[in-house]
Every structure is written in structure tokens, then in C-alpha cells.
Amino acid sequence: MSISRILEKPCLDRGDLMQLLAVRGEAMQQLWKKALAVKLEKLDNHIHLRGLIELSNQCRKACLYCGVRGPNRKVARYRLTEEEVLACAQTAWQLGYGSVAIQAGERNDEPFTDSITRLIEKIKAIGNGALGITLSLGEQSEAVYRRWFEAGAHRYLLRIESSTEELYYKIHPHDGLHDFHRRLDCIDALMATGYQTGTGVMIGLPFQTLEHLADDLLFFRKKDVAMVGMGPYIPHPDTPLYAHAAQIPTAGERMNLTLNMIAILRLMMPEINMVAATANQTIDPMGREKAILAGANVIMPNLTPNRYREEYLIYPDKACVNDRPEECFSCLETRMKGIGHEILYNAWGDSVAFTKKQTKNNP
Ligand code: SAM
């Protein structure tokens, strides 16, 4: 079937997805253009910001692709103090970002989970609840997810990394600590708790095929998630998966595949929030703009104090590692205007898909 015919279909099946993922050249431009048109129609040209706070690189996990995996002894481990996190949140509020996203390696111990509850409560007090809070703190018990939700966090990002169990175990140790079904259960628990739940995958992994990526897209739709964050896989030399770096697609190819994934998902789920991940900008200086023009609508400017950023290198050569928040702020404003988009300040920027579903379920 021609690309034009597929793009007109109301519901894309697995075969359509495979065909769309493989498009290049003019057909690819046609796909991105259609995704942009759908986004502008449903969500306008608005961009939502989440001030990213990389709280800690301490991690009990050993994901085979991640630079801050626990066993990597080359990383100096850090944890921001409560004062440092609150200063970042103040900056977010003063710059009008509307939301913060707190991300860290995975820890489940009580001192950690309790400290997060306290942090959430204190961030909520800034500007009387002015800031929305997204968490990305890995797998936790349902009780912990609930405690953090009740303290005031309302969005949570937990990437499935791959929705295919077999591929999941090629990029994670198969040791009980890394458990595909537990990760799925965590996503379900987050949704049941009431979070706007986001998930996502890396694109261009060793062993990954177009079939895997098509199944990832179907997984997002089946789960009916409120947000998705996906970006290219970037090999880190101090990780086991680096041994397979020679077999992955080129950076340009990973970028095209990522943009196709974003564009196709925008057609499948027109009203979800989708992040233009920093990884896009790392492999292509215009990667963030390209992601926005292919259908993404959320950007996460980094607010982590500069002296810690070199230690949160989940992948090498991360973009914007040396930028200060004020520089980021004006740079983003100019870049988004340049591509006809408008940053919405002082708004939480919730997922329209989620808000509509909630209204429908609780009329
Ligand atoms: N610990 C939390 C978790 O597991 O959800 C959040 C932090 S984790 C470092 C954030 C994300 O970084 C992961 O979900 C993964 O997709 C991404 N990531 C890690 N290593 C990467 C790499 N080498 N290239 C691209 N993305 C990577």
C-alpha cells in the first residue's frame, strides 16, 4: 500500500507500522509533515517545559547500556542535598517553567524513599503548588508510588526500554533484580495510583529490529499511556553493551528511526505528551527541533547544578552539560520561536489525553 494511503487510515496495524518505520526520503518528509499537522490541530504549537533535576547517580541496578549503572566504578557517585534540589525548583519557578522532573538512579531504601516524600512536599510549597512534579525514580513498591502521589507528585516516567521480553533480557542482566514482568507491573501500579504515566524505549539498540519497534508502538497504544519519552540509544564505552556498538545503525539512521517513531506515535495517539529527549540533541545539534517538528511537545531543560552533570552521563557527550539555566532559557525560547513553536510558561502542561480520559471516567 502507498504511504499516502496508509497515512489516511484511521487505525494503523502492525504491517502499516513496519512500512512507516522504514520510510526514508520524500515519504519520510510526508510522514513527519502529517504528524506535525496532527499535533498542531490537536495541541496547537505549544511546548511544555519540565525543569530536569538529576537528583542522584547512585544506582542499585546494572542495566547493560547505562553509564551510571551500579557496577561502573569510574563514576563518582553523588546525591544532591535537599537545599540544592529546592534551589533548582526555585529556579524553575522563577523562570516560569511550570513543572520539574526529578530523575535518579534506582534506590528503594527507606531513607531514600522518605527523603523523596519530604522533597515533594517542600517543592509543592513553592509558589503554593505552582509547580507540577514528574518523577523518574525507577521501580518502587505500590505503597511508595502512592505515598509520593499523595505528597503531590502527579506524573511518573518509567521507560519499559523494550516491550519485547527477549530483547529486554539482551539489554539487562537476567538476574531477578532486572525483571521484565516487574517493570510491566510497575507501569500498571503507576496508572492505578492515578499518575499521568509515561513510558518509552531506546531506539537503535543492538539486536533491535523494526518488528520490535512496531511492537513498542502497539504497546504504548494498548497501555493507553499519557506520555512517552523515547530517544536514540547512544553507546557508552564503560558498559557491557558497548561490545555490540559496531552492529548498531549509524547516528543519522538512529535519528531518522527516532523521528519516525515519534511521528507515527503522534498519528496513533494524537493527544499524549511526547518528550523531545536530550539524546536527540546529543547525536544531532538540531535533534530537539527535529523531534518537535515530527510531533514531540515537551522539552526538559537541565537544572542540575553544573558540577554534578559530568557524573550523570548515562551516555557520552550529553548535550547542554555546561549550559547554565538562564542560558538554556533564552536559547530554548529562540530555538522554539525559530521553528514556529511557543513555550507555555507557568503552566503544568498536563497530557490532554490523560485529562480527557479522567473527565470521561469521572463526569
Ligand atoms: N532509574 C530510572 C529508571 O530506570 O527509570 C531513571 C533514570 S534512567 C538513567 C533514565 C533513562 O535513561 C532510561 O530509562 C534509559 O532509557 C535512558 N538511558 C540510559 N542509558 C542510555 C544510553 N546509553 N543511551 C540512551 N538512553 C539511555
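Residues numbered from 1 in each chain as written. Predicted model: local features only at pLDDT ≥ 70, side-chain atom pairs only at ≥ 80, totals over all residues. Heavy atoms only, no water.

Pulling in residues and values, what's your account of the pairing of strand E9 (residues 273-276)?
Here E9 shows a buried face lined by Asn-273 and Val-275 and a second buried face lined by Met-274 and Ala-276. Here 4 bridges tie strand E8 (residues 227-232) to E9, and the two strands are oriented parallel to one another. Bridge pairing links Met-227 to Asn-273 in E9. Viewed along the sheet, the connection from E8 through helix H10 (residues 251-268) into E9 turns out right-handed. (Buried < 20%, exposed > 50% of the residue type's maximum accessible area, 1.4 Å probe, protein only. Helix = DSSP H or I, 4+ residues; strand = E, 2+ residues; numbered from the N terminus. Pairing = 2+ DSSP bridges. Right-handed = clockwise from strand over helix to strand, strands pointing away.)

Can you explain unusual backbone geometry? Please cite residues and give values.
With a phi close to 65 degrees, Asp-44 is a non-glycine residue in the positive phi region. Relative to the elements of secondary structure, Asp-44 occurs in the loop between helix H3 (25-43) and strand E1 (46-49). Relative accessible area serves as the criterion here: at 39%, Asp-44 is assigned to the partly exposed category. In this structure, Asn-128 takes a positive phi of about 55 degrees despite not being glycine. Within the element layout of this structure, Asn-128 appears in the loop between helix H5 (110-125) and strand E4 (132-136).

Can you explain the site of the ligand? Please cite residues and give values.
What surrounds the ligand is a group of 19 residues, the closest being Tyr-65, Ala-104, Arg-159, Glu-161 and Ile-234. Glu-161 is positioned such that a nitrogen or oxygen atom in its side chain is 2.6 Å from an oxygen atom of the ligand. The separation between an oxygen atom of the ligand and a polar side-chain atom of Arg-183 is 3.3 Å. Alone, the ligand offers 560 Å² of accessible surface; in the complex the protein occludes 92% of this. Classifying every residue of the shell around the ligand by side-chain character gives 11 nonpolar, 4 polar and 4 charged. (Near = heavy atom within 4 Å. Polar contact = N/O pair within 3.5 Å; in protein donor to acceptor, adjacent residues only side chain to side chain. Areas by Shrake-Rupley, 256 points an atom, 1.4 Å probe, with all protein chains shown as cover. Nonpolar A, V, L, I, M, F, W, Y, C, P; charged D, E, K, R; others polar.)

Any details on the environment of Tyr-78? Residues and values, ideally.
Locating Tyr-78 in the fold gives a position in the loop between strand E2 (51-56) and helix H4 (82-94). Given a relative accessible area of 6%, Tyr-78 falls into the buried group. The residues contacting Tyr-78, other than those within four sequence positions of it, are Glu-54, Leu-55, Ser-56, Asn-57, Gln-58, Thr-304, Tyr-308, Glu-311 and Tyr-312. (Contact = heavy atoms within 4.5 Å.)

Residues and numbers for the pattern of salt bridges, please.
Inspection of every chain in the model, using the stated rule, returns 25 salt bridges. For the salt bridge of Asp-114 with Arg-147, the shortest nitrogen-to-oxygen distance reads 3.5 Å. In this pair, Asp-114 is assigned in helix H5 and Arg-147 in helix H6 (residues 142-151), connecting sequence segments 33 residues apart. Judged by relative accessible area, Asp-114 falls into the partly exposed class, the value being 29%. Since its relative accessible area comes to 35%, Arg-147 is described here as partly exposed. Note that Arg-155 and Asp-350 form a salt bridge whose closest N and O atoms lie 2.7 Å from each other. Placement of the pair is Arg-155 in strand E5 (residues 155-157) and Asp-350 in the loop between strand E11 (342-343) and helix H15 (352-361), with a sequence separation of 195 residues. On the basis of relative accessible area, Arg-155 is assigned to the buried category, the value being 0%. Salt bridges linked by common partners bring Arg-60, Lys-61, Glu-106, Glu-139, Glu-161, Arg-182 and Arg-183 together as one network. (Salt bridge = Lys/Arg side-chain N within 4 Å of Asp/Glu carboxyl O.)

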